[in-house]
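Residues per chain, in single letters:
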Amino acid sequence: MALVPLPAPGESFGSWMDAVARDNLCPRSTLLVKYWRLRKVPYAAAWRPTSSTDLAQISIATGVAEHALASLLIERYFDSGFPAPSLEEWWSDDLREFMRQEFVLHNHSRWCPLCIGDNGGRWMLRWKMAWSYACTTHKVFLAFRCLQCKSPQDSGIGLPTRRLVCPTPIDPKNVARRCGHPLTDVPVIPVTDRRLIELQAWIDHGLGDAPRPSNGPSAQPLFVFPVTVYLALRLRTPEMFTDADPAIATAAANPFDTADELTKFYGPGSGDAAHPLLMAGAISLADRFCRGKNRREATALFADLAYTELVTRTPKWMAYEPLSMPWRMRRYALPALLKHLVDRRVVQDTPAYGFHHRDRLTPHSRATEAIGEMLNNPLKF
């Protein structure tokens, strides 16, 4: 090929593919078929390698090593690079699968308007993880939708040259008419809570995208017990964020401002994970439960507020029932938090089908033993 720009550190495959197409002045389909000589190319805009054969062929055509190409794919977080705890193999495999299902933004990507303005439109792979909510370089929250048309980005539409503007079609009768709003012009929201930047730095390190931070407590318990973040996101109430970063408090108090747009693209109930401010709030709460000085009081207050909210939402003609949580999810939640949720009847403590009664949620459950082992023998994270 005439021009093959090297992948930027941490870049996604789609972003790099568009950079190659842009520098060679060709559309994606021409790049894939003529230059990379791939036989079967479904919808070129959203194409990505699905086999080692694809990677080998692209490596031959571009001169970029196969392992470097593999590092551009979301699978690298879960195949080997994801910091699952080395307690038992079943724990590690199931944990990776849970994170893949619940916290990957499959059809879109967040972005830092300042970063893509500086690097000419190169998008990072970690921005497709729901736990990426802030840019540690510019200390701002990531953007997640176009300011003008309210659409998410990185959905595989538009031309490779439009990584810096919104490519969303605005006329169903004429797909050539696109929004075109500059994505670098989306207003950035500064992160005022220093701990949020520390947590993002630790998360980026845990994903293998950054060196080990030199300050702030480790965020490893969040990776060990990701359901803690899931519960904080799903059971949150505005009262839980009165002392949070002002931007998070505002988003938590007005959760339905973007509900229609988010649900349209991500499905019912999935908009919360797509919203970086709500995710940042959930991670902040989970960190407080795991590492805070008053974590016992924090988890008890969370359970009380969650119970009140659930009872309020329950129609008067229905009897309130605690939420069901399968064992597969319970074992990835902080035991202290689960105990308060069960005691407060937010979550029902019923044994999973096929498990002995010893698997019921008790202070001496296997989850409690696991966190004790993890804290007594910390991993290199």
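What counts, and at which threshold
Within any chain, residue numbers begin from 1 and follow the written order of that chain's sequence. Thresholds applied to this predicted model are a pLDDT of at least 70 for local features of residues and 80 or more for the giving and counting of side-chain atom pairs; totals over whole chains, interfaces and linings are not thresholded and use all residues. The side-chain values count all of the structure's non-hydrogen atoms but skip hydrogen atoms and water molecules. Under the scheme used here, helices are H or I runs from DSSP no shorter than 4 residues and strands are E runs no shorter than 2 residues, and both carry numbers assigned from the N terminus. Only protein chains enter the accessibility calculation, which uses a 1.4 Å probe; a residue whose area is less than 20% of its type maximum is buried, one above 50% is exposed, and one in between is partly exposed. Whether two aromatic rings pair depends on their centres lying within 6.5 Å, for rings of Phe, Tyr and Trp, where Trp uses its six-membered ring; planes under 30 degrees apart make the pair stacked, over 60 edge-to-face, and the rest tilted. By definition, a salt bridge exists where a carboxyl oxygen of Asp or Glu is found within 4 Å of a side-chain nitrogen of Lys or Arg. Strands qualify as paired when DSSP identifies two bridges or more between them. Cysteine sulfur atoms that come within 2.5 Å of each other are treated as a disulfide pair. The angle between two axes is taken between their N-to-C directions and runs from 0 to 180 degrees, where each axis is a line fitted to C-alpha atoms and a helix contributes only its stretch in contact. For classification purposes, an angle smaller than 35 degrees is called roughly parallel, one larger than 145 roughly antiparallel, one from 65 to 115 roughly perpendicular, and anything else oblique. In what follows, a contact means two residues having at least one pair of non-hydrogen atoms within 4.5 Å. Residues were grouped as follows: Ala, Val, Leu, Ile, Met, Phe, Trp, Tyr, Cys and Pro as nonpolar; Asp, Glu, Lys and Arg as charged; and all remaining residues, including Gly, as polar. Take the residue count of a helix, subtract one, and multiply by 1.5 Å to get its expected span. The directions from the helix axis to the C-beta atoms form the arc being described. By definition, pLDDT measures how confident the predictor is in each residue, and it falls between 0 and 100. Asp and Glu are treated as the negative residues and Lys and Arg as the positive ones, with His and the ends of the chain left uncounted. Any pair of N or O atoms that falls within 3.5 Å is considered a polar contact. Within protein, one atom must be able to donate a hydrogen and the other to accept it, and sequence-neighbouring residues count only if both atoms are side-chain atoms.

Okay, unusual backbone geometry next. In this structure, Lys139 is a non-glycine residue whose phi angle is positive, near 55°. Examined against the element boundaries, Lys139 turns out to sit in the loop between β1 (134-135) and β2 (140-141). Relative accessible area serves as the criterion here: at 45%, Lys139 is assigned to the partly exposed category. One non-glycine residue with positive phi stands out, namely Lys150, at about 65°. Position of Lys150 relative to the elements: it lies in the loop between β2 and β3 (189-190).

Moving on to the packing of aromatic side chains. As enumerated under the stated definition, the model contains 13 aromatic pairs in all. Summarising the aromatic geometry, the rings of Trp16 and Trp36 are spaced 5.6 Å apart at their centres and angled 15° between planes, so their arrangement reads as stacked. Of this pair, Trp16 sits in helix α1 (residues 13-23) while Trp36 sits in the loop between α2 (28-35) and α3 (52-62), placing them 20 residues apart in sequence. Trp36 carries the same exposure label as Trp16, and that label is buried. Pairwise contacts between aromatic rings join Phe98, Phe103, Trp131, Phe223, Tyr230 and Tyr332 into one cluster.

What follows covers the environment of Tyr43. Take Tyr43: it is sitting in the loop between α2 and α3. Judged by relative accessible area, Tyr43 falls into the exposed class, the value being 56%. Separated by 15 residues in the primary sequence, Tyr43 and Arg28 have C-alpha atoms spaced 9.5 Å apart.

Turning to the pattern of salt bridges, a few remarks are in order. Under the defined criterion, the tally for this structure stands at 13 salt bridges. Of the charged contacts, one joins Asp18 and Arg163 as a salt bridge, the two residues approaching to 2.9 Å between their closest N and O atoms. Residue Asp18 is found in helix α1, and its partner Arg163 is found in the loop between β2 and β3; the two are separated by 145 residues along the sequence. As far as the burial class goes, Asp18 and Arg163 line up, both buried. Arg48 is paired through a salt bridge with Glu75; the nearest N and O atoms lie 3.0 Å apart.

Moving on, we come to the sheet that holds β3. Here we have three strands laid out as an open sheet, ordered β1-β2-β3, and antiparallel in their pairing. Since the sheet does not close on itself, it has two edges, and those belong to β1 and β3, each with one partner. Summarising the sheet, β2 and β3 pair through two bridges and their orientation is antiparallel. Within β3, the position partnered with Phe141 by the bridge is Ile189.

Counted according to the given criterion, the structure contains zero disulfides. Of all cysteine sulfurs, the one in Cys115 lies closest to Cys135, which takes part in no disulfide; the gap is 3.6 Å. Among the residues examined, Cys135 registers a relative accessible area of 6% and is labelled buried. Here Cys146 stays free of any disulfide, with the sulfur of Cys179 as its closest cysteine sulfur at 3.8 Å. Classification of Cys146 as buried rests on a relative accessible area of 1%.

Packed helix pairs are characterised by how far apart their axes lie and by the angle those axes make with each other. Running from N to C, helix α8 (residues 194-206) and helix α14 (residues 276-291) cross one another at 90°; their axes reach a closest spacing of 11 Å. Between α8 and α14, the angle is such that the two are roughly perpendicular. Contacts from Arg195, Leu196, Leu199 and Ile203 in α8 reach Ala280, Ile283, Ser284 and Asp287 in α14. Of the residues in the contact of α8 with α14, the class split is five nonpolar, one polar and two charged.

α2 packs onto α1 with a crossing angle of 85° between their chain directions and a minimal axis gap of 9 Å. Comparing the axis directions of α1 and α2 gives the class roughly perpendicular. Only Arg28, Leu31 and Leu32 of α2 make contact with α1, whose side of the interface consists of Met17, Asp18, Val20 and Ala21.

Moving on to helix α15 (residues 295-313). Its 19 residues give α15 an end-to-end C-alpha distance of 27 Å, which sits within 8% of 27 Å, the value for a rise of 1.5 Å per residue. Among all positions in α15, only Ala298, Thr299, Phe302, Ala303, Ala306 and Leu310 are buried. Along the long axis of α15, the arc covered by the buried residues comes to 135°, so they all point the same way. Projecting away from the buried face of α15 at angles above 90 degrees are the exposed residues Arg296, Glu297, Leu301 and Thr312. Along its buried surface, α15 packs onto α10 (226-234), α14 and α17 (335-343).

Next up on the list: the confidence of the model for the protein. Counting all residues, the mean pLDDT for the protein is 81, and 81% of those residues have values of 70 or more. Taken as a whole, residues 263-269 scores under 50 in pLDDT and shows eleven contacts with residues more than four places along the chain or in a different chain. Taken as a whole, residues 352-381 scores under 50 in pLDDT and shows 48 contacts with residues more than four places along the chain or in a different chain.

Since the α-helix turns once every 3.6 residues, residues separated by three or four places project in the same direction. Taken together, the buried positions of α17 are Pro335, Leu337, Leu338, Leu341 and Val342. Seen end-on, α17 carries its buried residues on one side only, within an arc spanning 155°. The first or second residue beyond α17 is Arg345, which carries a positive phi of 65°.

As a further point, take the side chain of Arg110. Take Arg110: it is sitting in the loop between α6 (89-103) and α7 (113-119). Buried charge without a partner: Arg110 forms no salt bridge, and the closest opposite charge is Asp204, 9.8 Å away. Reaching out from Arg110, the side chain makes a polar contact with the backbone oxygen of Ala130 at a distance of 2.7 Å.

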